[in-house]
Amino acid sequence: MNIEKIIFNSPYIIRFLAINFYGFLLSRRRFSKKFFRILDELNSNLNKSKEEVNREQFHLVKKNLIFCYEQIPYYKKLFNEVGFKPKNMNSLTEMQGIPYLTKDRIRENFDQLTNPSITKSDYQIHSTSGSTGQKLLFKLPKSLLYETNAAFIYRFYGIYGIKPKDKRVTIGGRKFTNKEPYWVVNYFENQLLVSSHHLQDENIFTILKRIEKFKPKFFQGHPNSIFRLATYVTKNSLILNINLKAIFTTGESLTESNRKIIQAAFNTRVYQQYGSGESCFSAQETKDQKNYLLNYEHGYVELIGDKEYKEVVVTSLQNNVMPFVRYKLGDYVLPSKQNQKYSKVPLPYLCSKVMGRIDDIVKDSKGNEVLPVVIRMTLKPFLKDGTNYQLIQIGKVNFNLILVDPKKELLVEEVMSSLKKILGYEICLEISYKDSLISDGGKIRNIINSNN
């Protein structure tokens, strides 16, 4: 049994101490002096004109491409092959001569894409499968993971009156308990962590009462998890004694019907964030909820294709360890049609709609809803580079688990055991293998309920 499982099954005081120790370490990294310096710089950019932002964006991209040519072996070779000279670039359109970076190319050129002058202590290896393909490994600088990403988030939050370390409720996917209570307070960040894995009706009322007692200024988390709380509030005609400034959602698609229910239940506005696990870029909704604003300092985005929804191609601007240039993320968005001329914020419009995760909610053997994030976080530890899955519910207790596992690396018995723990030991789980998964508009549906 690993240390996390020991903590999950420990008494509350042990979980509280462990999470607060971890929270103390994270808080020191996230909210360092460097964080506040970056945040001040980002906030000052909101006072610039749109013309100034456009010029700065060009210079940031050019500087990054020069860096890639001089420091990253893969790009030096690639730019030479296609005759691209970043120092001579006069327009962003000149980037179109650079071949796209794909997930397969990243796997094939992993070492060549890495800055050889960076030490191991300066970065961490992360992975993502997103909603478009197989698991992918990549490197992120620690400064980006902590201070920089936090600064981008809190610039966005600041638009709605939120300050660093204001009280927040986080309903994320990471599991931290198997026992009641299904929450814990991280005092070092004024954060109430609520478990998405335990949002059953019998638990929600006490969770809501704890949220009331905590008196948060905002929520953040997965939209389906927050929607689960909202439907309980609505169904039971509850009136909550909390005064939220906003709710911020990320990681899954937020439907307009669900947004309306959440906003009515918690008497506040809901704003969606959009980004990638590779931390190539980030964006967030405008106040009128009609467009997404791109953090131009984080990444440069091109929208390609001749169909209504355009494919997202990103160039990272904050990764000096393993930068991605013209990376085909696999996401599709609907370009903004609204004129930005009258926008009060100078950040460029990215799009009006994101074709995000489209996973279904499934039900366990007792008929209880199991959120997609619970399935994803349960299976994530088992995935290897180049693997993926699709879980399909085809009856009350019948499930098909389709695996993409070309090297047969996945520990199937452990995967089945973990799924049965959350779906019920009575379920019938059939395993099969495929070379690829069914794709819907460029997105892979990892979790499908065919009973819907």
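Structure first, text after, so check above.
Residues numbered from 1 in each chain as written. Predicted model: local features only at pLDDT ≥ 70, side-chain atom pairs only at ≥ 80, totals over all residues. Heavy atoms only, no water.

Draft legend 1. Spotlight on the sheet that holds strand β20 (residues 428–433). A sheet is described by the order of its strands in space; here four strands give the open sequence β20-β19-β18-β23, paired in mixed fashion. The open sheet terminates on both sides in strands that have one partner only, identified here as β20 and β23 (447–449). Strand-to-strand twist in this sheet, taken as the mean axis angle between neighbours without regard to direction, amounts to 15°. Note: strand β19 (residues 398–404) against β20, six bridges, orientation parallel. Following the sheet pairing, Phe 399 is matched in β20 by Leu 429. Across the sheet, helix α11 (residues 372–379) touches β18 (388–393) and β23, and the angle it forms with β18 is around 140°. (Pairing = 2+ DSSP bridges. Helix = DSSP H or I, 4+ residues; strand = E, 2+ residues; numbered from the N terminus. Axes fitted to C-alpha atoms, helices over the stretch in contact; angles between N-to-C directions. Contact = heavy atoms within 4.5 Å.)

Draft legend 2. Summary view of the nonpolar core. If you look at the biggest cluster of nonpolar residues, it comprises 52 residues, and the most contacted ones within it are Ile 211, Phe 219, Ile 262, Phe 266, Ile 375, Leu 419 and Leu 423. Examining the composition of this core, we find that six residues originate from one element, helix α9 (residues 223–235), more than from any other. Ile 72, Leu 144, Phe 324 and Val 333 belong to the second largest nonpolar core, which has 45 residues in total. (Core = buried A, V, L, I, M, F, W, Y, C linked by side-chain atoms within 4.5 Å. Buried < 20%, exposed > 50% of the residue type's maximum accessible area, 1.4 Å probe, protein only.)

Draft legend 3. Inspection of the packing of aromatic side chains at higher detail. For the structure shown, the criterion picks out 25 aromatic pairs. Residues Phe 35 and Tyr 154 carry aromatic rings whose centres are separated by 6.3 Å and whose planes lie at 90° to one another, so their mutual orientation is edge-to-face. Taken together, the residues Phe 35 in helix α3 (residues 33–45) and Tyr 154 in helix α7 (residues 142–158) connect sequence positions 119 residues apart. In this structure Phe 35 comes out as buried when scored by relative accessible area, which is 0%. Judged by relative accessible area, which is 6%, Tyr 154 ranks as buried. Members of the aromatic cluster, joined through ring pairs, are Phe 31, Phe 35, Phe 36, Tyr 154, Phe 156, Tyr 157, Tyr 160, Phe 218, Phe 248 and Tyr 271. Cation over ring: Lys 76 sits above Tyr 69, and NZ or CZ is 4.3 Å from the ring centre. The ring of Tyr 433 carries Lys 408 above its face, with NZ or CZ at 4.4 Å from the centroid. (Phe/Tyr/Trp six-rings, centres within 6.5 Å; stacked < 30°, edge-to-face > 60°. Lys NZ or Arg CZ within 6 Å of the ring centre and 35° of its normal.)

Draft legend 4. Fine view of α9. End to end, α9 covers 18 Å across 13 residues, agreeing with the expected 18 Å (1.5 Å per residue, within 8%). In terms of burial, α9 is a largely internal element, 10 of the 13 residues being buried. Every buried residue of α9 is listed here: Pro 223, Asn 224, Ser 225, Ile 226, Phe 227, Arg 228, Leu 229, Ala 230, Tyr 232 and Val 233. In the stretch just after α9, Ser 237 is the one whose phi turns positive, near 50°. (Expected span 1.5 Å × (residues − 1).)

Draft legend 5. Structural view of helix α8 (residues 201–214). For α8, spanning 14 residues, the distance from its first C-alpha to its last is 20 Å, which sits close to the expected 20 Å at 1.5 Å a residue. Buried within α8 we find Asn 203, Ile 204, Ile 207, Leu 208, Arg 210, Ile 211, Glu 212 and Phe 214. The secondary structure elements touched by the buried residues of α8 are β3 (168–171), β4 (183–186), β5 (191–194), β6 (218–221), α9 and α10 (256–266). Positive backbone phi, at 55°, marks Lys 215, one or two positions downstream of α8.

Draft legend 6. Looking closely at unusual backbone geometry. With omega at -5°, the peptide bond leading from Glu 180 into Pro 181 counts as cis. Looking at the element boundaries, Pro 181 is found in the loop between β3 and β4. A positive phi angle, near 55°, is found at Lys 215, a position not held by glycine. With respect to the helices and strands, Lys 215 occurs in the loop between α8 and β6. Overall, Lys 215 belongs to the exposed group, its relative accessible area being 52%. In this structure, Ser 279 is a non-glycine residue whose phi angle is positive, near 55°. Among the secondary structure elements, Ser 279 is positioned in the loop between β8 (270–275) and β9 (282–285).

Draft legend 7. Layout of the environment of Thr 387. With respect to the helices, strands and loops of the structure, Thr 387 is situated in the loop between α11 and β18. The exposure class of Thr 387 is buried, given its relative accessible area of 1%. Between the alpha carbons of Thr 387 and Asp 405 there is a distance of 5.0 Å; along the sequence they are 18 residues apart. Among the polar contacts made by the side chain of Thr 387, one reaches the main-chain carbonyl oxygen of Lys 384 at a distance of 2.7 Å. (Polar contact = N/O pair within 3.5 Å; in protein donor to acceptor, adjacent residues only side chain to side chain.)

Draft legend 8. Region of interest: empty space enclosed by the protein. This structure, assessed with the given rule, holds one cavity of 30 Å³ or more. If you add up the space inside the largest cavity, you get close to 40 Å³. Looking at the largest cavity, the residues that line it are Leu 379, Phe 382, Leu 383, Tyr 389, Leu 403, Leu 410 and Val 415. Taken together, the residues of the lining of the largest cavity break down into seven nonpolar, no polar and no charged. (1 Å grid on protein atoms, 1.4 Å probe; cavity = no way out; pocket = protein on both sides within 12 Å on 5 of 7 lines; lining within 4 Å. Points joined across faces, edges and corners; volume = space filled by probe spheres on them. Nonpolar A, V, L, I, M, F, W, Y, C, P; charged D, E, K, R; others polar.)

Draft legend 9. Broad picture of the packing of α11 against helix α12 (residues 412–423). Where α11 contacts α12, the axes come no closer than 10 Å and their chain directions differ by 150°. The angle between the axes of α11 and α12 places the two elements in the roughly antiparallel class. Judged by the twist between their axes, the crossing of α11 over α12 is right-handed. Contact with α11, carried on its side by Val 374, Ile 375, Thr 378 and Leu 379, involves Val 415, Ser 418, Leu 419, Ile 422 and Leu 423 of α12 and no other residues of that element. Classifying every residue of the contact of α11 with α12 gives seven nonpolar, two polar and no charged. (Parallel < 35°, antiparallel > 145°, perpendicular 65-115°, else oblique. Left-handed = near helix turned anticlockwise from the far one by under 90°.)

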